[in-house]
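Geometric and topological summary
As a plain string of letters, each chain reads:
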Amino acid sequence: MLFDAAAQSIGVNYGTIADNLPPATDVITLYTTNGIGKMRIFDPNHATLQALKGSNIEVIVGVVNNDLQGLATSLATANTWVQTNIIPYPDVKISYIAAGNEIKPSDPLAQYVGPAIQNLNNAITASNLQIKVSTVIDMSLLGNSFPPSAGSFSDSASSYINAIVSILVSTNAPLLANVYPYFAYKSDPTNIKLEYALFTSPGVVVQDGNLGYQNLFDAVLDALYSALEKIGGANLTVIVTETGWPSDGDSGVAATIVNAGTYYKNLISHVKNGTPKKPGPLETYLFAMFDEDQKGPAETEKHFGLFSPTKEPKYQLTFT
């Protein structure tokens, strides 16, 4: 199947917290045969990077959170990380390095995120590579998200996110963000309608000035854009590194095959057009390729896969 990976908005996270997944070579084949041109991995797994060689799949490579302190405090450590995990794979299309995943401002590791990005940037530049370095945030950093134009970061997140945004602006790197309407709906089903979370509202649900919102995904993302504007990040590109919907695990409240299939199908067609505030293709990574049987603690965590571990598709989706 031929497709233009660069023009494609949709990628899929390849998580491996399971004991029954196919080998990496089979996984790469599954991406390719389904026309999935982008992948995100959570650590620089060498078997995966080896299997990606020559595949034309663009990949975001994660730095595990526990490595951040060492990378932040030593440029030599950052150089070694790049020499070990990036340099040996010149024929793998590494698009970004994600230094940490969903670090909270209150986390002891938070102080290391900015310096780790800077040291990795320096190591990448010294190796004559053109790979942008960023970090992945979640939406808990927003203090206000309604209406979207009033989006702002919380006081407790302010110094943390300000420092990161100023680095990303100076290096022209994107901000990576995880956006889950499922969890927002689950936490407030009284005020958030399921249709609003699943992209199935028949009309505008939230009118915000001259912008109308028919789905929660757009509203959350535009709240993030508004928050970034307020701290000098108006021109930052945002990449949605995770979004998904579980097919089971919450006693049928919202996690069903039908709801998850609806979410993924509508999301894939929707992100080609961006949000009301920022129209245009939005690079988005679905979570995740497989059901992962060792995830937790919530049962839903085991049911986010687009495929079963035996490579059977759970939904009828077209990724291109």
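Residues numbered from 1 in each chain as written. Predicted model: local features only at pLDDT ≥ 70, side-chain atom pairs only at ≥ 80, totals over all residues. Heavy atoms only, no water.

Brief notes about the overall build of the protein
Counting its regular elements, the protein contains ten helices and twelve strands. For the protein, whose C-alpha radius of gyration is 19 Å, the value lies close to the compact-globule estimate of 20 Å for 320 residues. Each principal axis of the C-alpha distribution contributes one length, and for the protein these read about 55 × 45 × 35 Å. Once local pairs closer than 6 in sequence are excluded, the contacts in the protein between residues at least 24 apart make up 70%. The average position of the 17 basic charges and that of the 27 acidic charges among the side chains of the protein differ by 5 Å. (Helix = DSSP H or I, 4+ residues; strand = E, 2+ residues; numbered from the N terminus. Rg over C-alpha atoms; globule rule 2.2 N^0.38 Å. Contact = heavy atoms within 4.5 Å. Lys, Arg positive; Asp, Glu negative; His and termini not counted. Charge placed at Lys NZ, Arg CZ, Asp CG, Glu CD.)

Brief notes about the pattern of salt bridges
Applying the stated rule across the entire model yields eight salt bridges. Among the ionic pairs, R40 bridges to E242, the shortest N-O distance being 2.9 Å. Placement of the pair is R40 in strand 2 (residues 38–41) and E242 in strand 11 (residues 238–243), with a sequence separation of 202 residues. Taken as a pair, R40 and E242 share a single burial class, namely buried. (Salt bridge = Lys/Arg side-chain N within 4 Å of Asp/Glu carboxyl O. Buried < 20%, exposed > 50% of the residue type's maximum accessible area, 1.4 Å probe, protein only.)

Here we look at the packing of aromatic side chains
Enumeration according to the criterion identifies 15 aromatic pairs in this entry. On the basis of an interplanar angle of 75° and a centroid distance of 6.5 Å, the ring pair of Y180 and F287 is categorised as edge-to-face. With Y180 in the loop between strand 8 (175–178) and helix 7 (181–187) and F287 in the segment after strand 12 (284–286), this residue pair connects regions lying 107 residues apart in the sequence. Like Y180, the residue F287 is buried in the burial classification. Where Y263 meets Y264, the ring centres are 6.0 Å apart and the plane angle is 75°; that geometry is what we call edge-to-face. We note that Y263, like Y264, is buried. One aromatic cluster is present, built from ring pairs that chain together F42, Y180, Y182, F183, F199, F217, W245, Y263, Y264, F287, F304 and Y315. (Phe/Tyr/Trp six-rings, centres within 6.5 Å; stacked < 30°, edge-to-face > 60°.)

Thoughts on the packing of helix 4 (residues 75–85) against helix 5 (residues 110–126)
Two elements in contact, helix 4 and helix 5, have axes separated by 8 Å at closest approach and are oriented at 55°. One element, helix 4, and the other, helix 5, form an angle in the oblique class. In this structure, helix 4 crosses over helix 5, and the sense of that crossing is right-handed. Side by side, helix 4 and helix 5 meet where L75, A78, N79, W81 and V82 of the first sit next to N119, L120, N122, A123 and I124 of the second. The class makeup of the residues in the contact of helix 4 with helix 5 is seven nonpolar, three polar and no charged. (Axes fitted to C-alpha atoms, helices over the stretch in contact; angles between N-to-C directions. Parallel < 35°, antiparallel > 145°, perpendicular 65-115°, else oblique. Left-handed = near helix turned anticlockwise from the far one by under 90°. Nonpolar A, V, L, I, M, F, W, Y, C, P; charged D, E, K, R; others polar.)

Focus: unusual backbone geometry
With omega at -10°, the peptide bond leading from F146 into P147 counts as cis. Position of P147 among the secondary structure elements: in the loop between strand 6 (142–144) and strand 7 (152–153). The linkage connecting G296 with the following residue, P297, adopts the cis geometry, with an omega of 0°. Here P297 lies in the segment after strand 12. With a phi angle near 75°, N56 is a residue other than glycine that sits in the positive phi range. Non-glycine residue F199 carries a positive phi angle of around 65°. Topologically, F199 is positioned in the loop between helix 8 (194–197) and strand 9 (206–208).

Quick notes on helix 6 (residues 158–171)
Structurally, the α-helix is built with 3.6 residues per turn, so residues lying three or four positions apart point the same way. When the terminal C-alpha atoms of helix 6 are compared, their 20 Å separation across 14 residues agrees well with the 20 Å that a helix rising 1.5 Å per residue should span. For helix 6, the full list of buried residues reads Y160, I161, I164, V165, I167 and L168. The buried side chains of helix 6 occupy one side of the element, clustering within an arc of 160° when seen end-on. Residues S159 and S170 are exposed on helix 6 and point more than 90 degrees away from its buried face. On its buried face, helix 6 sits against helix 5, strand 5 (132–138), strand 7, strand 8 and helix 9 (216–229). Immediately downstream of helix 6, the backbone of N172 shows phi near 55°, a positive value. (Expected span 1.5 Å × (residues − 1). Arc of directions from axis to C-beta.)

Section: the side chain of N178
Here N178 lies in strand 8. With a relative accessible area of 3%, N178 lands in the buried category. Among the polar contacts made by the side chain of N178, one reaches the side chain of N101 at a distance of 3.5 Å. Excluding anything up to four places from it in sequence, N178 contacts R40, N101, E102, V136, I137, D138, M139, T241 and E242. (Polar contact = N/O pair within 3.5 Å; in protein donor to acceptor, adjacent residues only side chain to side chain.)

Observations concerning the sheet that holds strand 2
Spatial ordering of the closed barrel is given by 1-2-3-4-5-8-11-12, a layout of eight strands whose pairing is parallel. Ignoring which end each strand starts from, the neighbouring axes of this sheet average 25° apart. Bridge count between strand 8 and strand 11: four bridges; the pairing is parallel. Its bridge partner being in strand 11, L176 is matched across the sheet by I239. Packed on one face of the sheet, helix 5 meets strand 3 (58–63), strand 4 (93–101) and strand 5 and runs near 155° to strand 5. (Pairing = 2+ DSSP bridges.)

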